[in-house]
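Chain by chain, the residues run as shown.
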Amino acid sequence: MTIPRLWLGTRKMTDPLSTPDLVAAALDMGYRHIDTAHIYSNHHLIKQGIQARWGNRQDLFLASKLWMNMYQDPLTNLQKICDELGTTLDLVYLHRPSTPADHDTVLSQAQTLISSWLTKSIGISNFPPREYIRLHTHYPWLITAHQYEAHALLDQSDNLIWCTTNAIQPVAYSPFAHGHLFAKQWTTHIDAWCKKNWPTHAQVYLGYLLHLGYAVLPKASSVERLRENLVSHDILLDDEILVILDRFPKTYRYCNPPFAQWE
Ligand SMILES: NC(=O)c1ccc[n+]([C@@H]2O[C@H](COP(=O)([O-])OP(=O)(O)OC[C@H]3O[C@@H](n4cnc5c(N)ncnc54)[C@H](OP(=O)(O)O)[C@@H]3O)[C@@H](O)[C@H]2O)c1
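Residues numbered from 1 in each chain as written. Predicted model: local features only at pLDDT ≥ 70, side-chain atom pairs only at ≥ 80, totals over all residues.

A. Broad picture of the nonpolar core. The biggest cluster of nonpolar side chains holds 66 residues, and the ones touching the most others in it are Ala172, Tyr205 and Val216. At six residues, the largest contribution of residues to this core is made by helix α10 (residues 201-212). Setting aside anything within four residues of it in sequence, one finds Tyr205 in contact with His151, Ala152, Pro175, Phe176 and Leu181. (Core = buried A, V, L, I, M, F, W, Y, C linked by C-beta atoms within 7 Å. Buried ≥ 20, exposed ≤ 12 C-beta atoms within 10 Å, placed from the backbone. Helix = DSSP H or I, 4+ residues; strand = E, 2+ residues; numbered from the N terminus. Contact = placed C-beta atoms within 7 Å.)

Given below as structure tokens:
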């Protein structure tokens, strides 16, 4: 299955007044790919946005994530997610690593989940190398996507190489480093190129990740920014700007909760 490359990120989109409208506006302007998660507590709002436009799925690509406490009974919990969204999924992720036994519980039931039509595919998110290599070895070809923090300020080259070598779609979350990439400290390095070539800072940062092979998940709170981010699809970056972005320090990890497992 081909995973679309530019998605709407929805973490922190929980305002009951603005979220359905933003989702509907995103669909109007051409977003066809939405990323959510049980833990974002916004399935019902996304459902309203989708239904305001079409009333059904049509060509939408929809992904959500099982939280760690849902791994023991993936079928029931996936059904719950689909009920909340009012539709089935194209992709369900294991949101964060738990124990190998928990991961095996989900992946050993993968065929049941897919045959139930609740999801078309399974992905992982935030997994450390030792565990994703083990899973890929035990369940070859089952994992279709790996979602992890990736942006111009973080070196994720090992993860990226592993994904592309194993035909797994790398998906970059927090592509703007939670917005930190818009600080003058960083934009000052790309201002001249942007003025000469027209793209905005946001489009350059997303274009960089698309160029590397990532699918990207920008989140934005206004229709103008949603539109600006969507246009990144068509941005071509030349060697000059790629070298500038490659030279950004790659040591900033912003999504690092105490229970995270990195290697
Ligand atoms: N799997 C995981 O564990 C995980 C973890 C984190 C995130 N994610 C996914 O990744 C998505 C994005 O990550 P994120 O929300 O952490 O951060 P992000 O997309 O890196 O950054 C969002 C920030 O950038 C700002 N922004 C967006 N477009 C902009 C533009 N064109 N110009 C200037 N500023 C702009 C937003 O401001 P406004 O909102 O004010 O417009 C917001 O402050 C999430 O929504 C979620 O779907 C997944």
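The discussion continues.
B. Quick look at unusual backbone geometry. Within the chain, Ser174 stands out as a residue other than glycine whose phi angle is a positive 50°. Looking at the secondary structure, you find Ser174 in the loop between β7 (169-173) and α8 (184-187). The backbone phi angle of Trp198 is positive, close to 85°, even though this residue is not glycine.

C. The packing of helix α1 (residues 19-29) against helix α2 (residues 43-53), seen in detail. Relative orientation of the contacting elements α1 and α2 amounts to 45°, with a least axis distance of 7 Å. Looking at the two axes, α1 sits oblique to α2. Relative to α2, α1 is oriented so that their crossing is right-handed. Contact residues: Thr19, Pro20, Leu22, Val23, Ala24, Leu27 and Asp28 in α1; Leu45, Ile46, Gln48, Gly49, Ile50, Ala52 and Arg53 in α2. (Axes fitted to C-alpha atoms, helices over the stretch in contact; angles between N-to-C directions. Parallel < 35°, antiparallel > 145°, perpendicular 65-115°, else oblique. Left-handed = near helix turned anticlockwise from the far one by under 90°.)

D. Broad picture of α1. Residues of α1 that are buried include every one of Thr19, Pro20, Leu22, Val23 and Ala26, and no others. One side of α1 holds all its buried residues, which, seen down the axis, span an arc of 165°. Of the exposed residues in α1, those oriented more than 90 degrees away from the buried face are Asp28 and Met29. Residues of α1 that are buried in the fold lie against β1 (8-9), β2 (33-35), α2 and α11 (223-230). Once α1 ends, the next one or two residues include Gly30, with phi positive near 125°. (Arc of directions from axis to C-beta.)

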